[in-house]
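Structural description and commentary
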Amino acid sequence: MYQDLENKVAVITGASKGIGTAIAERFGKEKMKVVVNYHSDETGAQETVAIIKENGGDGIAVQADVETEEGNQLLLNQAIDKFGDLDLWVNNAGMENSHETHELSLEDWNKVINVNLTGVFLGAKTALAYFVEKNKKGNIINMSSVHQQIPWPTFAHYAASKGGVKLFTETIAMEYAEKNIRVNNIGPGAINTPINAKKFADPEQLAATTAMVPMKKIGEPEEVAAAAAWLASAESSYVTGITLFVDGGMTLYPAFQDGKG
Ligand code: NAD
């Protein structure tokens, strides 16, 4: 546990399930105050809040669409109204779907870019505006992916969105460094969450994905949450603009693992 995190106020987008929930629960253990954003799964968000409280922290569930400025502003307002401040913003919400690119509709392209990239921009902008106005030290964590670096056929819109998040993060990390605002990415590999439930339920697809991971196992959301807690804490006080891959080595060219080639 990181003692400096106690009573710090965080917004986490897309926190009614998966990685967002795991981060919220971990922040509960850190005794933080958490705005748990959800899009449509209110029950999941309320369950997450209950676990945060059981873990020793505090939380509220807030419905908002990260694709909109109003949605992001509402999350900030709720953090201030309920907990009096904002210290950390985690842009976690994301989505994916698979289409061959010559058949990818503009609608599907726009939707994935809007949630995964524009949503990150709007969340970061909202948090930055608050930190700058208050002249306070701030912290932003964006959930990117190994696919900010690894091309992914039939997921061109997803890969483009995460590649965009990488350079967006690096740019604003530099832009706000002198203002004492740190901005970092987490790049998960293959993690056991609802986004992958169908894929990992199929033994063949599970084996194919596992084979691409040098550690030969799928990651757990708690392992991503541990990275978020470290980036949130003062233990990472001199770290900004990085992507912390949590991927069992997936970004290390696993095809070379047997020493041939
Ligand atoms: P998930 O599907 O379990 O959770 C995604 C969350 O985002 C959901 O709660 C969903 O409701 C929310 N969301 C989607 N659109 C939204 C919107 N417009 N407004 C608010 N919330 C919205 O997926 P996950 O695996 O927990 O993924 C979390 C993040 O991690 C995503 O950004 C994803 O791209 C990234 N990621 C996941 C993996 C993995 O293997 N699971 C790997 C790399 C990156």
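As the structure is a prediction and not an experimental result, all values here were calculated from the model.

Turning our eyes to something else, we now look at the site of the ligand. Every one of the 28 residues lining the ligand counts as a neighbour, but Ile19, Asp65, Tyr158, Thr193 and Asn196 are closest to it. At 2.8 Å, a side-chain N or O of Asp65 approaches a nitrogen atom of the ligand. With the chains in place, 93% of the 820 Å² that the ligand exposes on its own is no longer accessible. Looking at the shell around the ligand, the elements with two or more residues in it are helix 1 (18–29) and helix 5 (156–175). Along the lines of polarity and charge, the residues of the shell around the ligand split into 12 nonpolar, 12 polar and four charged.

One open sheet holds the seven strands; their spatial order is 3-2-1-4-5-6-7, and the pairing between them is parallel. The strands lining the two open edges of the sheet, one partner per strand, are strand 3 (58–63) and strand 7 (243–246). On average, adjacent strands in this sheet sit at an angle of 20° to one another, irrespective of strand direction. In terms of strand pairing, strand 6 (residues 181–188) meets strand 7 through four bridges, oriented parallel. Within the sheet, the bridge partner assigned to Ile186 lies in strand 7 and is Leu244. Helix 2 (residues 42–54) contacts strand 2 (33–38) and strand 3 of the sheet and is inclined by roughly 170° relative to strand 3. Each of strand 5 (138–143) and strand 6 is contacted by helix 5, which is oriented at about 160° to strand 6, the strand it contacts most.

Rules and cut-offs
Positions within a chain are numbered from 1, following the residues in the order the chain's sequence is written. In view of the model being predicted, local features appear only for residues whose pLDDT reaches at least 70, and side-chain atom pairs are presented and counted only at 80 or more, with totals across whole chains, interfaces and linings using the full set of residues. Note: side-chain values were computed over all heavy atoms of the structure, leaving out hydrogens and water. For each residue, the test is whether any non-hydrogen atom lies within 4 Å of the molecule or strand; if one does, the residue is near. Any pair of N or O atoms that falls within 3.5 Å is considered a polar contact. Within protein, one atom must be able to donate a hydrogen and the other to accept it, and sequence-neighbouring residues count only if both atoms are side-chain atoms. For accessible areas, the Shrake-Rupley method is used with a probe of radius 1.4 Å. Any residue's cover is judged against the shown protein chains and nothing else. Secondary structure follows DSSP: runs of H or I at least 4 residues long count as helices, runs of E at least 2 residues long count as strands, and numbering of each begins at the N terminus. For this scheme, ten residues count as nonpolar: Ala, Val, Leu, Ile, Met, Phe, Trp, Tyr, Cys and Pro. Four count as charged, namely Asp, Glu, Lys and Arg, and the remainder, Gly too, count as polar. Paired strands are those between which DSSP finds at least two bridges. Orientation is described by lines fitted to C-alpha atoms, with helices fitted over the stretch in contact, and by angles between N-to-C directions that extend from 0 to 180 degrees. In what follows, a contact means two residues having at least one pair of non-hydrogen atoms within 4.5 Å.

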